[in-house]
Each structure stands twice: as structure tokens, then as C-alpha cells.
Amino acid sequence: MGFVGLDGHWLRINSALRQIVGYSEEDLLATNFQSITHPDDLAADLNYVRQMLRREIRSYQMEKRYFHKKDMRSGCY
């Protein structure tokens, strides 16, 4: 699980999410969720964010794909 700010930057990341995506806490805290979200999942995610900012919804959960750090380095995405 991870918590992000209104700008999409990571605020808190639990160890399970860090292990899944292969990034250290420091690496993730220096970036945003958009940078490791699969492009096919990003539009829906950003739509939820917009709904939250308009106060149409209070929170959301979704299953989505993230790129693992090794995939980003090798360009396998």
C-alpha cells in the first residue's frame, strides 16, 4: 500500500509495495506514482484523482499494474 499527495508524489510506502516494484523508499519518495504506473492503467487512475479533487468521491481503490525497477532500466515495458 502506498499513500500519495495531491500532486501524485509518494508520501508513505509500505515494505510490500517497495518489494513488489523493486524500489527503495528513498527512490519512490523522490518520484510520483505516474512514473511507474502502466500506461493502460494511468488514465483511469488520474480520472479518480480528478474526481477526488472535485470532491465527487472521498477515496478510491483500484488494482493496477506498476513497472518494476528492473523493467524500467531494461526498457522492457
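A brief structural summary. Keep in mind that what you see is a predicted model, and the values were worked out from it rather than measured.

### Observations concerning the pairing of strand β2 (residues 10-13)
1) Next: Where strand β1 (residues 2-4) lies against β2, three bridges are found, and the strand directions are antiparallel. Across the sheet, residue Val4 finds its bridge partner in β2, namely Trp10.
2) Next: The antiparallel hairpin formed by β1 and β2 contains five residues in its connecting segment, where Gly8 sits at a positive phi of about 90°.

### Focus on the packing of aromatic side chains
1) Next: Taken as a whole, this structure holds two aromatic pairs when the rule is applied.
2) Next: Between Trp10 and Tyr66 the ring centres are 6.1 Å apart and the planes differ by 55°, which places this aromatic pair in the tilted class. One end of the pair, Trp10, is in strand β2; the other, Tyr66, is in the loop between α3 (39-53) and α4 (69-74), and 56 residues separate them in sequence.
3) Next: Residue Tyr66 is classed as partly exposed on the basis of its relative accessible area, which comes to 27%.
4) Next: Taking 4.8 Å as the distance between ring centres and 20° as the angle between the ring planes, the aromatic pair formed by Tyr48 and Tyr60 counts as stacked. Taken together, the positions of Tyr48 in helix α3 and Tyr60 in the loop between α3 and α4 put the pair 12 residues apart, joining distant regions of the chain.

Conventions used here
Residues numbered from 1 in each chain as written. Predicted model: local features only at pLDDT ≥ 70, side-chain atom pairs only at ≥ 80, totals over all residues. Heavy atoms only, no water. Pairing = 2+ DSSP bridges. Helix = DSSP H or I, 4+ residues; strand = E, 2+ residues; numbered from the N terminus. Phe/Tyr/Trp six-rings, centres within 6.5 Å; stacked < 30°, edge-to-face > 60°. Buried < 20%, exposed > 50% of the residue type's maximum accessible area, 1.4 Å probe, protein only.

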